[in-house]
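So the chains spell out like this:
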Protein chains: 2
Amino acid sequence: MKIIVDAFGGDHAPRAVMEGCAMAVAEYGIEVLLVGDRARIEQCAQENGISMEGISIEHAPGIMPVEAEPTDIRKKYADSSLAVGLQKLTKQEGDALVSAGSTGALVVGASLMVGRIKGIKRAAIGTLIPTFNGAYLLLDSGANAECRPEMLQQFAVMGSAYMQALQGVAAPRVGLINIGSEPNKGTPLQQESYQLLQNSPIHFIGNVEPRELPGWACDVAVADGFTGNVVLKLTEGVALSFAGEIKRMLKANTFTMFAALLMRKNLQEFKKKMDYTEHGGAPLMGISRPVIKAHGSSNAKAFKNAIRQARDFAAGDVVGRIETALADIKAHEKQQENESARS
Amino acid sequence: MKIIVDAFGGDHAPRAVMEGCAMAVAEYGIEVLLVGDRARIEQCAQENGISMEGISIEHAPGIMPVEAEPTDIRKKYADSSLAVGLQKLTKQEGDALVSAGSTGALVVGASLMVGRIKGIKRAAIGTLIPTFNGAYLLLDSGANAECRPEMLQQFAVMGSAYMQALQGVAAPRVGLINIGSEPNKGTPLQQESYQLLQNSPIHFIGNVEPRELPGWACDVAVADGFTGNVVLKLTEGVALSFAGEIKRMLKANTFTMFAALLMRKNLQEFKKKMDYTEHGGAPLMGISRPVIKAHGSSNAKAFKNAIRQARDFAAGDVVGRIETALADIKAHEKQQENESARS
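About the thresholds
Residues numbered from 1 in each chain as written. Chains lettered and ligands numbered in written order. Predicted model: local features only at pLDDT ≥ 70, side-chain atom pairs only at ≥ 80, totals over all residues. Heavy atoms only, no water. Helix = DSSP H or I, 4+ residues; strand = E, 2+ residues; numbered from the N terminus. Rg over C-alpha atoms; globule rule 2.2 N^0.38 Å. Buried < 20%, exposed > 50% of the residue type's maximum accessible area, 1.4 Å probe, protein only. Areas by Shrake-Rupley, 256 points an atom, 1.4 Å probe, with all protein chains shown as cover. Lys, Arg positive; Asp, Glu negative; His and termini not counted. Charge placed at Lys NZ, Arg CZ, Asp CG, Glu CD. Pairing = 2+ DSSP bridges. Right-handed = clockwise from strand over helix to strand, strands pointing away. Contact = heavy atoms within 4.5 Å. Buried area = accessible area lost by both parts, 1.4 Å probe. Salt bridge = Lys/Arg side-chain N within 4 Å of Asp/Glu carboxyl O. Polar contact = N/O pair within 3.5 Å; in protein donor to acceptor, adjacent residues only side chain to side chain. Phe/Tyr/Trp six-rings, centres within 6.5 Å; stacked < 30°, edge-to-face > 60°. Least-squares fit on C-alpha atoms with pLDDT ≥ 70 in both. Axes fitted to C-alpha atoms, helices over the stretch in contact; angles between N-to-C directions. Parallel < 35°, antiparallel > 145°, perpendicular 65-115°, else oblique. Left-handed = near helix turned anticlockwise from the far one by under 90°. Patch = residues over 30% accessible without salt bridge, like charges linked within 9 Å, V, L, I, M, F, W, Y side chains within 5 Å. pLDDT = per-residue confidence, 0-100. Nonpolar A, V, L, I, M, F, W, Y, C, P; charged D, E, K, R; others polar.

S.K.: Even after reading the chapter, I still don't get the overall build of chain A, so can you show me in this structure?
M.R.: Tallying secondary structure elements over chain A gives eleven helices and twelve strands in all. Relative to the globule expectation of 20 Å for 343 residues, the C-alpha radius of gyration of chain A, 21 Å, shows essentially globular dimensions. Counting only C-alpha atoms and orienting by the principal axes, one finds that chain A spans roughly 75 × 60 × 35 Å. Taken across its 343 residues, chain A has 57% of its residues classed as buried. In the structure as shown, chain A presents an accessible area of about 14,500 Å², 48% of it carried by carbon and sulfur atoms. When the 36 positive and 37 negative side-chain charges of chain A are each reduced to one mean point, those points stand 2 Å apart.

S.K.: How should I be thinking about the pairing of strand S8 (residues 173-177) of chain B in this particular structure?
M.R.: Along any regular strand the residues' side chains alternate between the sheet's two faces. Residue and element names in this part refer to chain B. In terms of burial, S8 is a largely internal element, four of the five residues being buried. Note that S8 and strand S9 (residues 203-208) share four bridges and pair parallel. Note on S9: the bridge partner recorded for Val174 is Phe204. Chirality of the crossover, the property in question, places the unit of S8, helix H6 (residues 188-198) and S9 among those that are right-handed. Examined bridge by bridge, S8 and strand S10 (residues 220-222) share three bridges and lie parallel to one another. When the sheet's bridge partners are listed, Leu176 is paired in S10 with Val222.

S.K.: What's the story with the interface of chain A and chain B in this structure? I'm lost.
M.R.: Interfaces are often described in size by the accessible area the parts lose on coming together. Each partner contributes residues to the interface: chain A has 46 residues there, and chain B has 46 residues. Here chain A packs against chain B, burying approximately 4,500 Å² in sum over the two surfaces, 78% of which is carbon and sulfur. Arg211 of chain A is the salt-bridge partner of Glu236 of chain B, the closest N and O atoms lying 2.2 Å from each other. Inspection of the region where chain A meets chain B yields six residue pairs in polar contact (both at pLDDT 80 or more). Among the elements of the structure, helix H6 (188-198), helix H7 (225-250), helix H8 (254-262) and helix H9 (264-273) of chain A are those that each provide at least two residues to the side of chain A that touches chain B. Ranked by the residues each element gives to the side of chain A that touches chain B, the list is headed by H7 of chain A, at 18 residues.

S.K.: Would you mind going over the packing of aromatic side chains with me for this structure?
M.R.: Between two aromatic rings, the relevant description is the distance of the centres plus the angle of the planes. The full count for this structure, using the stated rule, is twelve aromatic pairs over all chains. Aromatic side chains Phe132 of chain A and Phe242 of chain B sit 5.2 Å apart centroid to centroid with 75° between the ring planes, which places their arrangement in the edge-to-face category. Taken together, the positions of Phe132 of chain A in the loop between strand S6 (127-130) and strand S7 (135-139) and Phe242 of chain B in helix H7 (residues 225-250) put the pair across two chains. Taking relative accessible area as the criterion, Phe242 of chain B reaches 3% and is therefore assigned buried. Judged by centre distance (5.2 Å) and plane angle (75°), the rings of Tyr194 of chain B and Phe204 of chain B are edge-to-face.

S.K.: Please clarify how the relation of the copies chain A and chain B should be interpreted in this entry.
M.R.: Superposing chain A onto chain B requires a rotation of 180° together with a translation of 0.0 Å along the rotation axis, leaving an RMSD of 0.0 Å. Put plainly, the chains are arranged around a two-fold axis. Ranked by how close their C-alpha atoms come to the rotation axis, the residues of chain A are headed by Ala259 of chain A, at 2.1 Å. The residues that chain A uses at the interface reappear at the interface of chain B in 100% of cases, marking a shared surface.

S.K.: Please clarify how the sheet that holds strand S10 (residues 220-222) of chain A should be interpreted in this entry.
M.R.: The pairing of strands in a sheet happens through backbone hydrogen bonds and is either parallel or antiparallel. Residues and elements named next belong to chain A. A sheet is described by the order of its strands in space; here five strands give the open sequence S6-S7-S10-S8-S9, paired in mixed fashion. Only two strands of the sheet have a single partner each, and these edge strands are S6 and strand S9 (203-208). Averaged over all neighbouring strand pairs, the angle between strand axes comes to 30°, with direction disregarded. Against the sheet, H7 makes contact with S6, S7 and strand S8 (173-177), and its axis sits at roughly 140° relative to S7, the strand it touches most.

S.K.: How should the packing of helix H5 (residues 149-167) of chain A against helix H11 (residues 318-342) of chain A be read in this particular structure?
M.R.: Between two packed helices, the angle of one axis relative to the other and the distance separating the axes together describe the packing. All names here are of chain A. Relative orientation of the contacting elements H5 and H11 amounts to 140°, with a least axis distance of 9 Å. By the angle class used here, H5 and H11 are oblique. Two packed elements cross with a definite hand, and for H5 against H11 that hand is right-handed. Listed contacts from H11 to Gln153, Gln154, Val157, Met158, Ala161, Tyr162, Gln164, Ala165 and Leu166 of H5 are Val318, Arg321, Ile322, Ala325, Leu326 and Ile329.

S.K.: Help me out: how do you make sense of a nonpolar patch on the surface in this one?
M.R.: Where nonpolar side chains cluster on the molecular surface, the patch consists of Phe258 and Leu261 of chain A together with Phe258 and Leu261 of chain B and spans about 410 Å² of accessible area. Elements supplying a minimum of two residues to the nonpolar patch: H8 of chain A together with helix H8 (254-262) of chain B. One can find Phe258 of chain B in helix H8.

S.K.: How should I be thinking about the sheet that holds S9 of chain B in this particular structure?
M.R.: Residues and elements named next belong to chain B. Strand order in the open sheet formed by five strands is S6-S7-S10-S8-S9, and the pairing between neighbours is mixed. Each edge of the open sheet is held by one strand with a lone partner, namely strand S6 (127-130) and S9. The mean angle between the axes of side-by-side strands here comes to 30°, regardless of whether they run parallel or antiparallel. Of the pairings in the sheet, the one linking strand S7 (residues 135-139) to S10 comprises three bridges and is parallel in character. Looking across to S10, one finds that Leu137 is bridged to Val220.

S.K.: What is the right way to look at unusual backbone geometry in this model?
M.R.: Glycine aside, a negative phi is what most residues show, and trans is what most peptide bonds show. Residues and elements named next belong to chain A. Geometrically, the link from Ala13 to Pro14 is a cis peptide bond, its omega value of -5° lying close to zero. Relative to the elements of secondary structure, Pro14 occurs in the loop between strand S1 (2-6) and helix H1 (15-28). With a phi angle near 60°, Gln92 is a residue other than glycine that sits in the positive phi range. Secondary-structure assignment places Gln92 in the loop between helix H3 (81-90) and strand S4 (96-99). For Asp317, which is not a glycine, the phi torsion comes out positive at approximately 50°. With respect to the helices and strands, the residue Asp317 is situated in the loop between helix H10 (300-315) and H11.

S.K.: Sorry, what's going on with the side chain of Ser141 of chain B here?
M.R.: By the secondary structure assignment, Ser141 of chain B is in the loop between S7 and helix H5 (149-167). Not counting the four nearest positions on each side in its chain, Ser141 of chain B is found in contact with Ile125, Gly126, Thr127, Gly225, Gly228, Asn229 and Leu232 of chain B.

S.K.: Explain the confidence of the model for chain A here, please?
M.R.: Low-pLDDT stretches of the model should not have their predicted coordinates read in fine detail. For chain A, the average pLDDT comes to 94, and 99% of its residues sit at 70 or higher. What the predictor reports for the complex is a pTM of 0.93 with an ipTM of 0.92.

S.K.: Would you explain the environment of Ile205 of chain A in this entry?
M.R.: Residues and elements named next belong to chain A. Of note, Ile205 is situated in strand S9. Taking relative accessible area as the criterion, Ile205 reaches 34% and is therefore assigned partly exposed. Separated by 32 residues in the primary sequence, Ile205 and Arg173 place their C-alpha atoms 6.1 Å from one another.

S.K.: Would you mind showing me how to read the pattern of salt bridges here?
M.R.: In total, this model carries 20 salt bridges over all chains according to the counting rule given. Of the charged contacts in the structure, one is a salt bridge between Glu19 of chain B and Arg15 of chain B, with a shortest N-O distance of 2.8 Å. Of this pair, Glu19 of chain B and Arg15 of chain B both sit in helix H1 (residues 15-28), four residues apart, which is roughly one turn of the helix. When its relative accessible area of 43% is taken as the criterion, Arg15 of chain B is described as partly exposed. If you follow the salt bridges from partner to partner, you end up with Glu58, Lys88 and Glu93 of chain A in one network.

S.K.: I keep staring at the packing of H1 of chain A against H10 of chain A and nothing clicks. Help me out?
M.R.: All names here are of chain A. The interhelical angle for the contact between H1 and H10, taken along N-to-C directions, is 50°, at an axis separation of 7 Å. Comparing the axis directions of H1 and H10 gives the class oblique. Between H1 and H10 lies a crossing whose hand is right-handed. Contacts between H1 and H10 pair Ala16, Val17, Glu19, Gly20, Cys21, Met23, Ala24, Glu27 and Tyr28 from the former with Ala300, Lys301, Phe303, Lys304, Asn305, Ile307, Arg308 and Arg311 from the latter. In terms of residue class, the contact of H1 with H10 is built from nine nonpolar, two polar and six charged.

Rendered as structure tokens:
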């Protein structure tokens, strides 16, 4: 198994990326194809004593800035570490790709260069959202602000395949994010999606209200990219405000500081449950080869976890599972057509 | 000042409603017109020793169930406490109305019977969301799943007027809930609303990302009713999951239980900051007379606060402020038309 890694994506590139690669090679026994400026990579390895065992370098002189226009990836930034990495993935010179570069460039580059799975209308970003009970995959979490019902159906199928393969959930509970439990709630998008989801080869549990999400009401939460992004960022925002207020409270006076000491272990566990870096990155769903978007602020550990996630994405044949599910949907639609023609 | 109160709305009616009314009369020196079955009200007062000083009763034999079709309020449930209360408000026999009944029935009943402010396209539900720094008014928080840009502009104007009058904020910061800070982010609804909001008689601070909301990024947060309801319910959900986890942690063992004792005062303050009942109910914005929707689970204190809020809604002339702002928008539009005609 060989994972292609963009050496020049993220706030702490290339050092954190390379340290994460070295940790992943040592821990998971995989190979890494590291893409980026060869001289800078070699210098960074030397200066920081990073082992390059199991890591080969693919030279790419350029870097795609986060603020660059995503569509420029194919011409202006064709020599960037991200573009060259995607080329390598297309040519099957690696089994999966990890990058902490611009989300927009990754979505556009992967869709145009690597290509979508046949029949998939749009690539979606999946984000694993931790709750105190377990994590759920939210998609689309921001790639497509506007969606049609068929897109939400495909998000559900893709999210299901991912959770089966990577989290070992046999029949992931798929919920449609909506403002009420009844099928007629929400806008026409939710109403029509509900009907499609009921007739899909997934374990659809109906509408899930946002209030229930933090209680782990489902394994896969489906929404258009606007709503998904609101859910993602508001969950982070409320969690951070609570964490900040708890911190302030514990530092209020000598009594509370002593209290904090008494429950140090419990507080650490509490913090760990909320830790996003434990979960690696965000899978890009619907691309014909596995792609993981690592968080821009990823440290070495987060990169290591993203690489493990990329390995599991490839090994679990998520793409194959999605293809099978799409074929099922098509067969079901054909059957319904035949039935309505006969009657 | 006389506040009309629906005696038979909410989970704890009529007792909690009546206790709240008695507290409000004693504390704020207002009058209450309590609407509902006279015999049951009198019996409840006697059984629970609730003072009826300052409270007059308007007999209404029926009750509108929460699950009833909202549009049935005018015929099938015309004799319900909610319908009769709205009639009294229409006839100006009271300055404002408070009900903890069905939100849908209240929105429909108020829109059809009391009527909207001239020029207002749709009534919206405003919800005061507490943060650890201050509260912001979210609207629409669920009355209109689908919205047009002009509706969001009106929500902004109405929310601004409310926060000026009730919270004493001279120039409330109005933010448009969106998935990025740039004007071109989001769907066409957000993009077009952004342009309208820039040209409105309000203090528009641009897009506000959901991550920033819990940090009190604005005083008024504007969104379509679908997005607003997601924000409202997810904020509650994440807050409740954190509160539950903190509770569990504090009860984990003798050390943490001792820690909880040490910071009892701080924990009480923490809890108070999150307490929704402190803020009363949700103002129904855009109706030609003040209407407050109290939470279904309101206790006596929450009813008392909702009555105070109704009093301030009327005394602060929120309706008049909205009318002035609408006239400003109209004048501005006319001026722009003239300018473009001249050029």
